[in-house]
Amino acid sequence: MKRKINIVFIVIFLLGISLPYLFAHREKEGRVSSMENRTLAAYPCVRLEDGTLNKAFLAEYEKWLDDNIRGRAIMVETNSALQYVLFERIVKSDTIMGEKPWLFVNKDGMIREYQHLNLLSEPELAQYVKNMQGISDYLKERGIAFYYFQCYDKETIYPEKYVKGVNQIGTVSRADQIVQALEERTDVRQIFVKDTLLSHREETIYYQFVDTLHWTEKGSYYGYQALMEELCRDFDRIPVLQENDFQITEMESETTLYGFPYPYTEIVPIYDVKEPHAQEITEETRERWDFLHVKEHTHDYINETCENDLKILVLGDSFVRMYLKSDLAESFSAALSIDWMNISILDEVVEEYRPDIVIIENTQSALDNTIPLISQVDFIE
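Before going into details, it helps to say that this report is about the structure given with it.

Rules used in this analysis
Residues numbered from 1 in each chain as written. Predicted model: local features only at pLDDT ≥ 70, side-chain atom pairs only at ≥ 80, totals over all residues. Heavy atoms only, no water. Helix = DSSP H or I, 4+ residues; strand = E, 2+ residues; numbered from the N terminus. Buried < 20%, exposed > 50% of the residue type's maximum accessible area, 1.4 Å probe, protein only. Contact = heavy atoms within 4.5 Å. Phe/Tyr/Trp six-rings, centres within 6.5 Å; stacked < 30°, edge-to-face > 60°. Lys NZ or Arg CZ within 6 Å of the ring centre and 35° of its normal. Salt bridge = Lys/Arg side-chain N within 4 Å of Asp/Glu carboxyl O. Axes fitted to C-alpha atoms, helices over the stretch in contact; angles between N-to-C directions. Left-handed = near helix turned anticlockwise from the far one by under 90°. Nonpolar A, V, L, I, M, F, W, Y, C, P; charged D, E, K, R; others polar. Pairing = 2+ DSSP bridges. Polar contact = N/O pair within 3.5 Å; in protein donor to acceptor, adjacent residues only side chain to side chain. Core = buried A, V, L, I, M, F, W, Y, C linked by side-chain atoms within 4.5 Å.

Right, let's talk about the overall build of the protein for a bit. Along the backbone of the protein there are 13 helices and 15 strands. Looking at the protein as a whole, 48% of its 381 residues are labelled buried. Within the protein, counting contacts between residues at least 6 apart in sequence, those at least 24 apart form 71% of the total.

Put into structure tokens, the structure is as follows:
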């Protein structure tokens, strides 16, 4: 009898460790989880391309099994719901909860950014400023106007909504360091938007939780106004969109946390240009700008109704490509928006596009990437 019980336990054990493998997904390239917004692990190779054994096979196998076990999506969603309902915990790895219902990005050292624990050393700041001045001089020699546009994360505009117990050290951030140093040590023209955003903070200028990082379309409108106000100091032929040029509506929005519906709704403003004239080029863009980095973030516009013949080039991040690019295109005969990863080949882009105006837009959340890029540009030497 005891022998039979042992056999039953062994069979149950073998089934327990083999069934997850037998019924797991086995796509070679890895499936995409829309719930988690990431690519799941692909089945690992026993041998590498050079024929050697894959020494990391066991670790990769465990990660693959964790990601591809059947019913995983249901388990993730259930865990997300239980953690929030029972403990008010957010299990979404890239999200952190501030004062309810506010949610913030939790990745890439952004807590340290908020706390001002990652300030630039004087040599780092000096190199950044030197190269930014170099970029400005390079463009000025070619008759091109240059502007630096520093954007801000929402915790900078709404610090009181951030995570309780996470305190700031001093009042100066890396972004503040850069803006102040550029103003004091260079003749680089800047688009100052921080005070504008702070003055409108009682309005819906950043998402509370539907988006953990970005400004809303109303916030981007104020950013657009600050940008255009600065450009109009140097160019008198630029039409500027006003609020009455937009069809302004509101939309009730919500979000999910790994499949769990966050139990709040948010009313967000929607700004649609009433009579858009700029048209985005598609096939020509793919051919002309094939040499760019992050090509999928390239947006090329022409505006045949515009009364000026100015061409503007903007190197930026999601604050531009998700919100500003099409509005800017309404004010110029041609507008090109590309990812800031192309800073290193800005000279090649300028040679091809021959813009009248160049703007480098930089957001706090991107500084870990843009600081090294700008500090290492070599075409200005």
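Turning next to the packing of aromatic side chains. Tallying each qualifying case throughout the model produces 16 aromatic pairs. We note Lys154 situated over the ring of Phe104; from NZ or CZ to the ring centre the distance is 5.0 Å. Residue placement shows Lys311 over the ring face of Tyr353; its charged tip is 4.4 Å from the ring centre.

What follows deals with the pattern of salt bridges. Two side chains of opposite charge can pair, provided their charged atoms sit close to one another. Applying the stated rule across the entire model yields 20 salt bridges. The salt bridge partner of Glu113 is Arg174, with a shortest N-O separation of 2.7 Å. Taken together, the residues Glu113 in helix 4 (residues 110-115) and Arg174 in helix 7 (residues 174-185) connect sequence positions 61 residues apart. Note on Glu113: relative accessible area 4%, which makes it buried.

Interhelical geometry of helix 5 (residues 122-140) versus helix 13 (residues 367-375) gives an angle of 65 degrees and a closest axis separation of 8 Å. Between helix 5 and helix 13 lies a crossing whose hand is left-handed. Seen from helix 5, the contacting residues are Gln127, Tyr128, Asn131 and Met132; seen from helix 13, they are Thr370, Ile371, Ile374 and Ser375. Here the residues of the contact of helix 5 with helix 13 are counted per class, giving 4 nonpolar, 4 polar and no charged.

By the criterion of burial, strand 5 (residues 145-151) is predominantly enclosed, with 7 of the 7 residues buried. Burial along strand 5 is two-sided: Ala145, Tyr147, Phe149 and Cys151 and Phe146, Tyr148 and Gln150, pointing in opposite directions, are all buried. As paired elements, strand 5 and strand 15 (residues 357-363) share 7 bridges and run parallel to each other. If you follow Tyr148 over to strand 15, its bridge partner there is Ile360. When strand 5 meets strand 6 (residues 189-191), the two strands line up parallel, connected through 3 bridges. Within strand 6, the position partnered with Phe149 by the bridge is Ile191.

Summarising the element assignment, Arg185 is placed in helix 7. Looking at Arg185, the relative accessible area reads 43%, which means it is partly exposed. Residues Arg185 and Val129 lie 56 residues apart in sequence; the distance between their C-alpha atoms is 7.7 Å. For Arg185, the residues in contact, after removing those within four places along its chain, are Glu122, Leu125, Ala126 and Val129. Of the polar contacts made by the side chain of Arg185, one reaches the side chain of Glu122; its length is 3.0 Å.

In terms of nonpolar packing, the biggest core is built from 94 residues, with Leu231, Leu313 and Ile359 touching the most fellow members. Apart from the residues lying within four places of it in its own chain, the contact partners of Leu313 are Leu336, Ile338, Leu346, Val349, Val350, Tyr353, Pro355, Ile357, Val358 and Ile359.

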